[in-house]
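Residue-level listing of the chains:
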Amino acid sequence: MCGIAGYISKKIVEKSPLKKMADAIVHRGPDGEGYYYAEDFALGHRRLAIIDLSDAGAQPMQYLDRYVITFNGEVYNHQELRKELEDKGYVFNSDSDTEVVLASYDCWGVECLNKFNGMWAFVLYDKNERNFFISRDRFGKKPLYYTQTEDHFVFCSEVKGIYASGLVDKAPNAVYLKKYLENGPNEYEAETAFNNIYRFPLAHYFLGTKDELLNQPVFIRFWELRTNVSTERFCPKKAKVYAQQYYDLLEDSVKLRLRADVKVGSALSGGLDSSSIVYLVNKQLKKQGKEELQETFSSVYKSDGTQDCDESGYIDLLAKNLNVNTNQIEPNENDVIAELEKVIWFMENPPESTCMSGWHTFKKVKESSIAVTLDGQGADEQLAGYLPYIASYLTSISLIDLYKEFFHFFKVPGARKTLVLGFLMGNFKFIFGRKAYQAIFRKIKGRDAPGLLNEELKLSIEKGLVTLIHYSDHVSMGHSVESRMPFMDYRLVEFLSQVPACYKMHNGWTKYLARLAFDKKLPDEICWRKDKMGWPIPETYWFQGNLKVYFENSIQDSSLLKWLQENENPSTWLKKEINVKLGIRRLNLSILEKLFWRDK
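A quick note: this is a predicted structure, and the numbers were derived from the prediction, not measured.

Novice: Can you help me understand the overall build of the protein chain in this one?
Specialist: Summing up its helical and strand segments, the protein chain has 25 helices and 17 strands in all. Since a compact globule built from 600 residues should have a radius of gyration of about 25 Å, the 24 Å found for the protein chain is in line with a globular shape. The C-alpha extent of the protein chain, read off along each of the three principal axes, is 70 × 65 × 50 Å. Here the analysis covers contacts within the protein chain between residues at least 6 apart in sequence; of these, 72% occur between residues at least 24 apart. Entry remark: accessible area of the protein chain is about 24,300 Å², with carbon and sulfur atoms responsible for 49%. Of the side-chain charges in the protein chain, 78 are positive and 80 negative, and the distance between the mean point of each set is 6 Å.

Novice: How should the packing of helix α7 (residues 236–257) against helix α8 (residues 272–287) be read in this particular structure?
Specialist: Packed helix pairs are specified by the crossing angle of their axes together with the interaxial distance, meaning the distance between the axes. Viewed as axis vectors pointing N to C, α7 and α8 meet at an angle of 65°, and their least axial separation amounts to 9 Å. Two packed elements cross with a definite hand, and for α7 against α8 that hand is right-handed. For the pair α7 and α8, contact is made by Tyr-247, Leu-250, Glu-251, Val-254 and Lys-255 and by Ile-277, Tyr-279, Leu-280, Val-281, Lys-283, Gln-284 and Lys-287, respectively. In the contact of α7 with α8, the residues fall into seven nonpolar, one polar and four charged.

Novice: Looking at this model, I keep getting lost on the environment of Leu-256. Mind explaining?
Specialist: Looking at the secondary structure, you find Leu-256 in helix α7. Not counting residues up to four positions away in its chain, the partners in contact with Leu-256 are Tyr-76, Glu-80, Asn-117, Asp-489 and Arg-491.

Novice: What exactly am I supposed to notice about the packing of aromatic side chains here?
Specialist: The geometry of an aromatic ring pair comes down to the distance between the two centres and the angle between the two planes. Evaluation of the coordinates by the stated rule reveals 41 aromatic pairs. Geometrically, the ring pair formed by Phe-194 and Trp-597 is tilted, given 5.3 Å between the ring centres and 50° between the ring planes. You can see Phe-194 sitting in the loop between α5 (174–183) and β10 (198–199) and its partner Trp-597 sitting in the segment after α25 (581–596), a full 403 residues away along the chain. Summarising the burial analysis for this pair, Phe-194 and Trp-597 share the class buried. Judged by centre distance (5.1 Å) and plane angle (85°), the ring pair of Tyr-403 and Phe-423 falls under edge-to-face. Of the two residues, Tyr-403 sits in helix α14 (residues 399–409) while Phe-423 sits in helix α15 (residues 416–432), which places them 20 residues apart along the sequence. Judged by its relative accessible area of 16%, Phe-423 is buried. Aromatic rings pair up to connect Phe-234, Tyr-242, Phe-495, Tyr-503, Trp-509, Tyr-512 and Trp-528 into one cluster. Here the basic side chain of Lys-160 rests over the ring of Trp-345, its NZ or CZ set 4.8 Å away from the ring centre.

Novice: What should I look at first to understand the nonpolar core in this one?
Specialist: Across soluble globular proteins, you tend to see nonpolar side chains buried next to one another. If you look at the biggest cluster of nonpolar residues, it comprises 58 residues, and the most contacted ones within it are Leu-177, Phe-194, Phe-543 and Leu-592. If you tally residues by element for this core, the top one is α25, at seven residues. With near-sequence residues (within four places) excluded, Phe-194 lies in contact with Val-159, Tyr-163, Ala-171, Asn-173, Glu-348, Asn-349, Leu-592, Phe-596 and Trp-597. Listed in part, the 46 residues of the second largest apolar core include Leu-285, Ala-319, Val-324 and Tyr-503.

Novice: Sorry if this is basic, but what is going on with the sheet that holds strand β17 (residues 482–484) here?
Specialist: By way of backbone hydrogen bonds, the strands of a sheet pair with one another, either parallel or antiparallel. Strand order across the open sheet formed by five strands is β15-β14-β13-β16-β17, with parallel pairing between neighbours. One side of each edge strand has no neighbouring strand; the edge strands of this open sheet are β15 (325–329) and β17. Strand-to-strand, the axes of this sheet are offset by a mean angle of 30°, without reference to chain direction. One ladder, built from three bridges, connects strand β13 (residues 264–267) with strand β16 (residues 372–374); its direction is parallel. Across the sheet, Ser-266 pairs through a bridge with Leu-374, a residue of β16.

Novice: I would appreciate a short explanation of the pairing of strand β9 (residues 152–156) in the present structure.
Specialist: In summary, the side chains of a regular strand alternate between the two faces of the sheet. Counting buried residues along β9, five of its five residues qualify, which places the element largely inside the surrounding structure. Residues His-152, Val-154 and Cys-156 line one face of β9 and the alternating positions Phe-153 and Phe-155 line the opposite face, and both faces are buried. Examined bridge by bridge, strand β1 (residues 2–9) and β9 share five bridges and lie antiparallel to one another. Among the inter-strand pairings, Ile-8 is bridged to a residue of β9, identified as Phe-153. As judged from the four bridges shared by strand β8 (residues 145–148) and β9, these two strands associate in the antiparallel manner. Bridged to Tyr-146 within β9 is Phe-155. Count of turn residues in the β8/β9 antiparallel hairpin: three residues.

Novice: What am I meant to see in the sheet that holds strand β6 (residues 118–126) here?
Specialist: Spatially, β4-β5-β6-β7-β11-β12 is the arrangement adopted by the six strands of the open sheet, whose pairing is antiparallel. The open sheet has two edge strands, β4 (61–63) and β12 (220–221), and neither has a second partner. Pairing of strand β7 (residues 131–136) with strand β11 (residues 204–208), which is carried by four bridges, proceeds in the antiparallel orientation. The residue bridging Ser-135 from the neighbouring strand is Tyr-205, located in β11. On top of the sheet, helix α3 (residues 97–108) reaches β4, β5 (67–75), β6, β7 and β11; it is set at about 120° to β5, its chief contact.

Novice: I'm lost on the pattern of salt bridges in this one. Help?
Specialist: In a structure, side chains of opposite charge can pair up when their charged atoms sit close to one another. Under the definition given, this model contains 37 salt bridges. The salt bridge involving Asp-87 is made with Lys-83; its shortest N-O contact spans 3.1 Å. Note that Asp-87 and Lys-83 are positioned in helix α2 (residues 78–87) at a spacing of four residues, about one turn of the helix. For Asp-87, a relative accessible area of 57% corresponds to the exposed category. With a closest N to O distance of 2.9 Å, Arg-233 and Asp-401 form a salt bridge. Of this pair, Arg-233 sits in the loop between β12 and α7 while Asp-401 sits in helix α14; the two residues are 168 residues apart in sequence, bridging distant segments of the chain.

Definitions and cut-offs
Residues numbered from 1 in each chain as written. Predicted model: local features only at pLDDT ≥ 70, side-chain atom pairs only at ≥ 80, totals over all residues. Heavy atoms only, no water. Helix = DSSP H or I, 4+ residues; strand = E, 2+ residues; numbered from the N terminus. Rg over C-alpha atoms; globule rule 2.2 N^0.38 Å. Contact = heavy atoms within 4.5 Å. Areas by Shrake-Rupley, 256 points an atom, 1.4 Å probe, with all protein chains shown as cover. Lys, Arg positive; Asp, Glu negative; His and termini not counted. Charge placed at Lys NZ, Arg CZ, Asp CG, Glu CD. Axes fitted to C-alpha atoms, helices over the stretch in contact; angles between N-to-C directions. Left-handed = near helix turned anticlockwise from the far one by under 90°. Nonpolar A, V, L, I, M, F, W, Y, C, P; charged D, E, K, R; others polar. Phe/Tyr/Trp six-rings, centres within 6.5 Å; stacked < 30°, edge-to-face > 60°. Buried < 20%, exposed > 50% of the residue type's maximum accessible area, 1.4 Å probe, protein only. Lys NZ or Arg CZ within 6 Å of the ring centre and 35° of its normal. Core = buried A, V, L, I, M, F, W, Y, C linked by side-chain atoms within 4.5 Å. Pairing = 2+ DSSP bridges. Salt bridge = Lys/Arg side-chain N within 4 Å of Asp/Glu carboxyl O.

Right under this line is the structure:
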């Protein structure tokens, strides 16, 4: 896990821009740095040593006197690929997964991407073909930003690195920022908050010459999720089979992601997903004969006024049940302002919230000297863990099941609004047909009707989840910690996309398949818990309380906000808010302006 940087030029490259870029992302790789200079391109690397801690794993890495790469990420199945390549005659000089990536490309070309199980962003140069090969993983877990100027193609793991090069003008992207204010963050499209700086598309690659890269590069998709939209009815026997398959895949995913030459911990919120990962990590550590207790890390809220966001009861219950160490941290209201500025600095593209729970969790990880965590991100979007999915689910099942499920879900806290909507939608669809249902929904709501549950889950994986993954990567790497996500193993994602909707929600339960898989393995209070929270943050308490003056002044004084909303009166911005949520978007932009565009 590292940070990468570099640029390709029409001119002879200079060394100083690359060094400045690498220094700007030192938090992504505090264990070392490396540089490779050719006449017309330069590759840089900041190293966070996880696999093969020796100098043999340093980057940029060369192979066969032909290839050179700067690589960020982990290929978890590198041991299996290494054996396959050795059987074909390849020889390795290190134990690193980076060298396996290079040999894989030499052996299989661009098809090597389909063999990798992991997360990555890399830039590889082939001296013989004089080609660049650039790729980003299936789910965009590792970031890669780029920009094109008249003379350069500049890339980096973070935007601040591109800015540090001195090769790019600094300016906000008004179009993106206006959309952010209206609709929230978007981490799945090319546009960013920064003018003329783009995301390299996830699940894509570029293969071509310098001239092609500097002019109009073509990015080719190498993977896309396919989903099952069948409306079959629930079968108890099949449910048990699916649950076992799910458990086995998740267990193997955890096993792969425990491969590291450093100590590994887990982020624990107290919910089903993170608890499942902690359970499986514990099981693997026992199999490996490791005596030390697993370290878990959590944000809690025990202070007056914040207890409605506290999940420490569930965290303590699991820690006692599994005999794991629990390391807990509570964000201090007096530190929120300073910590939020750090979050925005490392996040760059502004988030929906303050991210204080995730930020402080990884702050606690850093204090423990653990460099890798296994975390529970991604399950909700695959197994229908959010209540709004109920509406799509009720249009994905039979009419008989629709009525049965309506009464089951009626008992779920907070589900009533989406439940009634789904019930009406489901009845209308069965009576008048899908086309009429879509037409009337579009007329009433002004947008397309929600699709079948698995269709909606696919959209969530491709959009909303990508944004959450961005949060996880940036808040963890802001503390020089690598966050690994077992639920995002592509084998598990592909399997769950083919599981019919009736096994993901059932009898009033979200994530039914996961609950069935961990029944009697986790405490019932966690496995069959209905009051989903998921790292909540007491933002309303803070910003309508002691931090209200700071909150309002930051928003009112922002010249960037005035520029973006020039037709609005700043004095009315806060009065329009029915909650703090939209105000936090404005607050985050005011901080972004301060950190990146001080002259705006």
